[in-house]
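Analysis of the macromolecular model
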Amino acid sequence: MKDTIISKNIKYIGADDKDIDLFENQYIVPNGVSYNSYIIIDEKIAIMDTIDKRKTNEWLQNLEEALNGRLPDYLIISHLEPDHAYNIGTVVEKYPNIKLVGNNKTFAFLPQFFDIEDLEQRKVVVKDGDILDLGEHKLHFIMAPMVHWPEVMMEYEESEKILFSADGFGKFGTLDTDEDWDCEARRYYFNIVGKYGVQVQSVLKKASSLDIKMICPLHGPILKENLSHYIGKYDIWSKYEVESDGVYIASASIHGNTYKVCEELKNILEEKGASKVVLADLSKEDFAEAIEDCFRYRKSSICFGYI
Ligand SMILES: [Fe+2]
Ligand SMILES: [Fe+2]
């Protein structure tokens, strides 16, 4: 069930995208994807990222409703990728006094996407450990380079103990999708940020000193309970540790004979007592799922055959 309730003064203003064909034009998303965005209402109002162009109207409506006649003071830019940043230009046009909050890299890249004439006056440059005071709410900035782009940063709101985790802890699937978090979060993780395990580890280290009650990512459900489960998964994945005992065999076979050999291999391993053997046909199955499974299981082998 869709749960977008955060607190009295922090609201969800994102949108679900159920009819997207391929996320990032490459990943199949049978249950769509959500573009999350949030707003913190205090003496100062901060919008936490915008969303993809595909859902601009819905997002603007949510934003206006949450603002309830007030004007936003800050737009926090955690990530410049267009699925989150597309509406920066819209916001600047609509709210001429809004300040844009990012780090040095954010503002180095931003002119590649937007032509904002008065950017110098409008920008608030933050670095690791800086705090933005909104009133009762205080945002601590945590630089998270390469989780998923070089300019990514996360924010920790100290009064409500909420971590705004950018693409971290994200998942495919709209918010009303009732499915296991691990499976689609793992596929998302290994395909989107999987090669940056070292950088994910360094963010987890910084986060370990924080008392986190809730994680608000830019995709997928808001995580409210059992946070050690999700953080534990990220720890395993980013250390490239084995998550599940088992063997993964991926086969690509032009005439089907190599696939038959792999089936036989699976039978032999099972007869010999292998707890779980997963056989995938790369010619037909989702490559993103294959990448996920390669990392997941203790032993993986890939067989390519012409015969
Ligand atoms: Fe991203
Ligand atoms: Fe994203």
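Residues numbered from 1 in each chain as written. Chains lettered and ligands numbered in written order. Predicted model: local features only at pLDDT ≥ 70, side-chain atom pairs only at ≥ 80, totals over all residues. Heavy atoms only, no water.

Time to look at the coordination of the iron ion (ligand 2). Around the iron ion (ligand 2), the donor atoms from the protein are D83 (OD), H84 (NE2), D167 (OD) and H219 (NE2), and they sit 2.1 to 2.4 Å away. Considering all four donor atoms around the iron ion (ligand 2), the spread of angles at the metal, 81 to 171°, places the coordination shape in the irregular class. All donors of the iron ion (ligand 2) belong to a single chain; written as a sequence motif, their spacing is D-H-x82-D-x51-H. (Donors = N, O, S within 2.8 Å, 3.2 Å for Na, K, Ca; no water. Tetrahedral: all angles 85-135°; square planar, octahedral: opposite > 155°, others 65-115°.)

Bringing the packing of helix α6 (residues 181-192) against helix α8 (residues 227-238) into the picture now. For any two helices packed against each other, the geometry is given by the interaxial angle and the distance between the axes. Axis separation between α6 and α8 bottoms out at 11 Å; the angle between their running directions is 40°. In this structure, α6 meets α8 at a crossing whose hand is right-handed. On α8, the residues that touch W181, D182, A185, R186, Y189 and F190 of α6 are H229, Y230, K233, Y234, W237 and S238. (Axes fitted to C-alpha atoms, helices over the stretch in contact; angles between N-to-C directions. Helix = DSSP H or I, 4+ residues; strand = E, 2+ residues; numbered from the N terminus. Left-handed = near helix turned anticlockwise from the far one by under 90°. Contact = heavy atoms within 4.5 Å.)

Another point: helix α4 (residues 104-113). When α4 is considered as a whole, its buried residues turn out to be T106, F107 and L110. Buried residues in α4, looked at end-on, bunch into an arc of 85°, giving them a common side. Residues of α4 that are exposed and point more than 90 degrees away from the buried face comprise N104 and Q112. Those residues of α4 hidden inside the fold are in contact with α3 (88-94), β9 (99-102), α5 (119-122) and β10 (123-125). The opening residue of α4 is N103, an N-cap whose side-chain oxygen sits 3.0 Å from the backbone nitrogen of K105. (Buried < 20%, exposed > 50% of the residue type's maximum accessible area, 1.4 Å probe, protein only. Arc of directions from axis to C-beta. Polar contact = N/O pair within 3.5 Å; in protein donor to acceptor, adjacent residues only side chain to side chain.)

Evaluated as defined, the whole model comprises 16 aromatic pairs. Pairing F172 with Y188 gives two aromatic rings, centres 5.2 Å apart and planes at 75°, and the pair type is edge-to-face. Of the two residues, F172 sits in the loop between β14 (162-164) and α6 while Y188 sits in helix α6, which places them 16 residues apart along the sequence. The class of Y188 is buried, set by a relative accessible area of 1%. An aromatic cluster is present here, built from F169, W181, Y189, F190, Y230, Y234, W237, Y240 and F295 joined pairwise through their rings. (Phe/Tyr/Trp six-rings, centres within 6.5 Å; stacked < 30°, edge-to-face > 60°.)

Right, let's talk about the pairing of strand β13 (residues 153-157) for a bit. Most of β13 sits out of view: five of its five residues are buried. Neither face of β13 is left uncovered, since the one carrying M153, E155 and E157 and the one carrying M154 and Y156 both have all their residues buried. Bridge analysis of strand β12 (residues 138-143) against β13 gives five bridges, and the strand direction is antiparallel. Across the sheet, M143 pairs through a bridge with M153, a residue of β13. Of the strand pairs in this sheet, β13 and β14 are connected by three bridges, and their pairing is antiparallel. (Pairing = 2+ DSSP bridges.)

Another point: the coordination of the iron ion (ligand 1). Those protein atoms acting as donors to the iron ion (ligand 1) are H79 (NE2), E81 (OE), H148 (ND1) and D167 (OD), and they sit at 1.9 to 2.3 Å. Geometry at the iron ion (ligand 1) is irregular, judged from its four donor atoms and the angles of 91 to 164° they form at the metal. Sequence spacing of the donor residues for the iron ion (ligand 1), all on one chain, is H-x1-E-x66-H-x18-D. If you look at the iron ion (ligand 1) and the iron ion (ligand 2), they sit 3.4 Å from each other and are both ligated by D167. Pair noted here: H79 is in the loop between β8 (74-76) and α2 (82-85) and H148 is in the loop between β12 and β13, with a separation of 69 residues, a long-range link. Here the two residues H79 and H148 agree in accessibility, since each one is buried.

Below, the discussion takes up the packing of helix α7 (residues 197-207) against α8. Across the interface, α7 lies against α8 with an axial gap of 9 Å and an inter-helix angle of 145°. The chirality of how α7 crosses α8 is left-handed. When α7 is examined against α8, the residues G197, V200, Q201 and L204 are found in contact with a partner set consisting of I231, Y234, D235 and S238.

Despite not being glycine, D49 has its phi angle at roughly 70°, a positive value. Of note, the phi angle at Y240 is positive, near 55°, even though the residue is not glycine. Among the structural elements, Y240 can be located in the loop between α8 and β16 (244-253). On the basis of relative accessibility, which here comes to 40%, the residue Y240 falls in the partly exposed class.

Summed over the entire model, instances satisfying the criterion amount to 24 salt bridges. Here E243 ties to R186 by a salt bridge, and the two come within 2.7 Å at their closest N and O atoms. Taken together, the positions of E243 in the loop between α8 and β16 and R186 in helix α6 put the pair 57 residues apart, joining distant regions of the chain. According to the relative accessible area criterion, R186 is buried, its value standing at 3%. R187 is the salt-bridge partner of D286, the closest N and O atoms lying 3.0 Å from each other. Here D286 is found in the loop between β17 (277-281) and α10 (287-296), whereas its partner R187 is found in helix α6, with 99 residues between them in sequence. Through salt bridges with shared partners, one network takes in D182, R186, K233, E243 and E292. (Salt bridge = Lys/Arg side-chain N within 4 Å of Asp/Glu carboxyl O.)

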